[in-house]
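Tertiary structure, described
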Amino acid sequence: MSEFLELEALDGIRMPWNVIPGTKEDAVSCVVPVSAIYTPLKSIPDMPVVPYAPLRCRMCRSILNPFSRVDYNAKIWLCTFCFQRNQFPQHYSSISENNLPPELFPQYTTIEYMSTAETGPVMPPVFIFVVDTCIIEEEIGYLKSALAQATELLPDNSLVGFITFGTYVQVHELGFGLLPKSYVFKGTKEVSKEQILEQMCFFAGKQKPTTWVIAGTRDGLSSESISRFLVPASECEFVLNSVIEELQKDPWHIPADQRASRCTGAALSVAASLLGVCVPGSGARIMAFVGGPSTEGPGSIVSKSLTEPIRSHKDLDKDSAPLFDKAVKFYDQIAKQLVHQGHVLDLFACAVDQVGVAEMKVAIEKTGGIVVLAESFGHSVFKDSLLRIFQSADNGLGLSFNGILEINCSKDVKIQGIIGPCSSLEKKSPLSADTVIGQGNTSAWKMCGLDKKTSLCFVYDISRKVGPDTVAQQTGEQLYLQFVTYYQHHEGQMRLRTTTISRQWASGAATELIDGFDQEAAAAVVARLVSFKMETEADFDPIRWLDRALIRLCTKFGDYQKETPSSFSLSPRLSIFPQFMFNLRRSQFVQVFNNSPDETAYFRMTLERENVGNAVAMIQPSLISYSFQSGPMPVLLDATAIGPDKILLLDSYFSVVIFHGITIAQWRKAGYQDQEGHEAFAQLLKAPHDESDAIIKERFPVPRLVVCDQYGSQARFLLAKLNPSVAYNSDNPAPGGDVIFTDDVSFEVFMDHLQRLAVQ
Ligand SMILES: [Zn+2]
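Residues numbered from 1 in each chain as written. Predicted model: local features only at pLDDT ≥ 70, side-chain atom pairs only at ≥ 80, totals over all residues. Heavy atoms only, no water.

1. A closer look at unusual backbone geometry
What counts is decided by this rule: The secondary structure listing takes helices from DSSP runs of H or I that are at least 4 residues long and strands from runs of E that are at least 2 residues long, numbered from the N terminus.
At the junction of F700 and P701, the peptide bond is cis and its omega measures out at -10° in the coordinates. You can see P701 is positioned in the loop between α21 (679–698) and β28 (704–709). The phi torsion at N402 lies on the positive side, around 55°, for a residue other than glycine. Structurally, N402 can be placed in strand β17 (residues 400–409). In this structure, D412 is a non-glycine residue whose phi angle is positive, near 80°.

Here it is in structure tokens:
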């Protein structure tokens, strides 16, 4: 596994197959598709940033890279992808084997270009806060202090806007000095750019242009009119703070049997159109803070009557969520508008109720937005995550904007699509495959928002057929993949990052494929695929699909004698994969009925933007055991891990659980840790907290920390994740451990079935 981690550290890429199946038929029989999870802006400490523009092939536009063959005498380079011969330009004339430009150094397969000629002016990032006021006073208080803290951390050069909403939408004029002023829109309808221009007096005292193609200063909008609503963070601290300070609960009376009138959709429509008018094509994010369900106007998810419950997975399944499709359609329109403008939607959903994350998902995901889900604006999951976004230190996200990602592939490799936060630019090329998965039909994608963590899953299609060509193929033949990301860096300039990687074609032997199999990457890809299919394919049966995939993989790559289950074994390269699939079947991504549609949408959006390591933590949580007998020890995710004298630390990505065995809990309640002579116990109690602090510090969104005791009500956070090896219906409960009340099959039963089916 370590060699895959080394490759990831170098280029931010992991692939399930690192030796590529040689033909289309082989690729299909490998079950897990040829694919890559790539983190375009991964922070790579030694990556060079060069102050000039890249050299491109004049045929296919791919970029010169360490794999390009160079004729130093003739000053010519051969394109890695189309084999075109390209002349080096004049300023490369001194190139020689001993005088290479950085982009040809073998170790710089990932490099950034920052050409001063091409970057143009440094663009200030724009943030529009869209704030829900239909929340109780206590929540308003939490939100106020979080927003005040966040605005202090905004980069000084950024522009800020402020919109509040409840029954109506209010756009606050921050550039108006001390007199607070705002524009009000009805909550019942979406608002177009034309209406914004008209109603917000962008042409006050001036001739209105005759055509409606007005947008931004380039098209003649005065910067004074824009700066009424978007103000430099450094200049608006006072006004912004006073607007935040005066935030008040929506004044409209709510009858006792009704929900608040909350026009989330209209507010986001106003924000999108305002950005479209003021800063089209320049990096901007709408940060929405929502404290309850949308009940008014476009994008509503439930009626105001409290007798009608908010849609559940059961309702969606039975097609009895009347507002769902309409709301998704509305947010799909918002997504299109934002992608066209190059802007991002971020959502901070903080409520005990659902707010409509499931409906908004399309707009967040296609624009590369961030989503954080918490119970309250006072919860650390929200507060700390919000601060983390703006922290500039290494822990910060490095929010970047306006990305366009393009790819190049060797002959016989095509792209089916991307599963992840981006939007297809529908630029169909010879590289796009006929079959489409996720954002496809293209070889270029828009990434309105991207950061150091954003990770995309590329699903390829191998088009090579068996024929005279493949027979002549020699072992060790290489193929190449290139990723080119052009984006607005968090410091403002435009940059271009290229990553070029090389992998070997398989010549036919299964052992070659097995040696190149990265089972963690495979689990992450399969998790994205199954989530995607569950959302897009009607009547898709995830359990059946996963089981069949696993059986086919084991039949192809396992060692066994036919019809003899006991003879079955897997190479170490594949041996954990069944366990990943077992846990994926039980995970929140597949067992959706234990969660609300909002939670499911949140889990999936987070999965779909994370790298392989984090995806694996979501699929198969890690468990560490602490006791007097030994130091911290990783243990199997199994009910037998529980013991009265043990402390367990579970990291399931979204939550971190510290679980005290019953004896430990009793000692703690008796206060032994504070008594002299019990320093070792105090240390034992503290150790898992130190570890959880370290995990929480690194992670975004910040996970929920649960500290609980055996048999306590919160213990379910641990028990739900454990293999039910000692379920209440087990014939022979193992000694120790905890009985888990579930009808799920245990891992042993699962493996037993798998071996029987694989050898048939
Ligand atoms: Zn070329």
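2. Examining the UniProt feature "domain: Sec23/Sec24 helical" (unreviewed entry) in the chain
Note the following rule: UniProt positions are given in the numbering used here, feature names are shortened, and annotations may be inferred rather than shown by experiment.
As recorded in UniProt, the feature "domain: Sec23/Sec24 helical" (unreviewed entry) lies at residues 518–615. Strand forms 0% of residues 518–615 and helix 60%; the C-alpha atoms that close the span are 14 Å apart.

3. Re the pairing of strand β23 (residues 494–505)
Applied cut-off: For each residue, the accessible area found with a 1.4 Å probe, counting protein chains only, is set against the maximum for its type, and the residue is called buried under 20%, exposed over 50%, and partly exposed in between. When DSSP finds two or more bridges between a pair of strands, those strands are recorded as paired.
A large share of β23 lies buried, amounting to 11 of its 12 residues. The pairing of strand β2 (residues 19–20) with β23 spans 2 bridges and is classified as parallel. Residue V19 lies in a different strand from β23, and its bridge partner there is Q504. Sheet topology note: the strand β22 (residues 478–488)/β23 ladder contains 11 bridges and is antiparallel. If you follow T485 over to β23, its bridge partner there is R497. Joining the antiparallel neighbours β22 and β23 is a turn of 5 residues, in which G492 adopts a positive phi near 115°.

4. Section: the pattern of salt bridges
Counted only if it meets this: The salt bridge criterion pairs a side-chain nitrogen of Lys or Arg with a carboxyl oxygen of Asp or Glu, the two atoms within 4 Å.
For the structure on display, the rule yields 30 salt bridges. In this structure, E3 and R573 form a salt bridge, with 2.6 Å as the shortest nitrogen-oxygen distance. Remark: R573 occurs in the loop between α16 (542–557) and α17 (577–586) and E3 occurs in helix α1 (residues 2–11); sequence separation between them is 570 residues. The exposure class of R573 is partly exposed, given its relative accessible area of 22%. A salt bridge links E537 to K533; its shortest N-O distance comes to 3.2 Å. Salt bridges here are not isolated pairs; linked through shared partners, they connect E8, R14, D518 and E520.

5. Details of the coordination of the zinc ion
Rules: Donor criterion used throughout: N, O or S atom within 2.8 Å of the metal, extended to 3.2 Å for Na, K and Ca. Water excluded; incomplete-looking sites may result. By the criteria applied here, four donors are tetrahedral when all angles lie between 85 and 135 degrees, four are square planar and six octahedral when opposite donors are over 155 degrees apart and every other angle lies between 65 and 115, and any other arrangement is irregular.
Listed as protein donors to the zinc ion are C57 (SG), C60 (SG), C79 (SG) and C82 (SG); their distances from the metal cover 2.3 Å. Around the zinc ion sit 4 donor atoms, and with donor-metal-donor angles ranging over 103 to 117° the site reads as tetrahedral.

6. A closer look at the sheet that holds strand β21 (residues 456–462)
With antiparallel pairing, 4 strands are arranged side by side in an open sheet as β1-β3-β21-β18. One side of each edge strand has no neighbouring strand; the edge strands of this open sheet are β1 (13–14) and β18 (413–419). The pairing of strand β3 (residues 35–38) with β21 spans 4 bridges and is classified as antiparallel. For S35, the partnering residue across the bridge sits in β21 and is V459.

7. Regarding the domain arrangement of the chain
The criterion, for reference: An automatic or database domain assignment supplies the residue ranges for each domain. It only takes one pair of heavy atoms within 4.5 Å for two residues to be counted as in contact. Summed over both partners, the accessible area (1.4 Å probe) lost when two parts come together is defined as the buried area. Polar contacts, as used here, are pairs of N or O atoms within 3.5 Å; protein pairs need one atom able to donate a hydrogen and one able to accept it. Residues neighboring in sequence count only if both atoms are side-chain atoms.
Here the domain parsing of the chain yields domain 1 (2–116 + 399–517), domain 2 (133–390), domain 3 (518–619 + 744–760) and domain 4 (621–722). Spacing between the C-alpha centres of domain 1 and domain 3 amounts to 28 Å. Each partner contributes residues to the interface: domain 1 has 34 residues there, and domain 3 has 27 residues. Overall, the association of domain 1 and domain 3 removes approximately 2,600 Å² of surface from exposure, summing both partners, and the carbon and sulfur fraction of that is 65%. Taken together, the connections running from domain 1 to domain 3 amount to 5 salt bridges. Among the salt bridges present, the one from D451 reaches R609, with a minimum N-O distance of 2.9 Å. In this assembly, domain 1 and domain 3 are joined by 13 residue pairs in polar contact (both at pLDDT 80 or more).

8. Observations concerning the sheet that holds strand β25 (residues 633–634)
Inclusion rule: Axes, fitted as lines to C-alpha atoms, cover a helix only where it is in contact. Angles between the N-to-C directions of the axes lie from 0 to 180 degrees.
Taken together, the 5 strands give an open sheet; going across it, the order is β25-β24-β26-β27-β28, and neighbouring strands pair in mixed fashion. Unpaired on one side and paired on the other, β25 and β28 mark the two borders of the sheet. Examined bridge by bridge, strand β27 (residues 655–660) and β28 share 6 bridges and lie parallel to one another. When the sheet's bridge partners are listed, S655 is paired in β28 with R704. The sheet contacts of helix α20 (residues 662–669) involve β26 (647–651), β27 and β28, and relative to β27 the element is tilted by about 80°.

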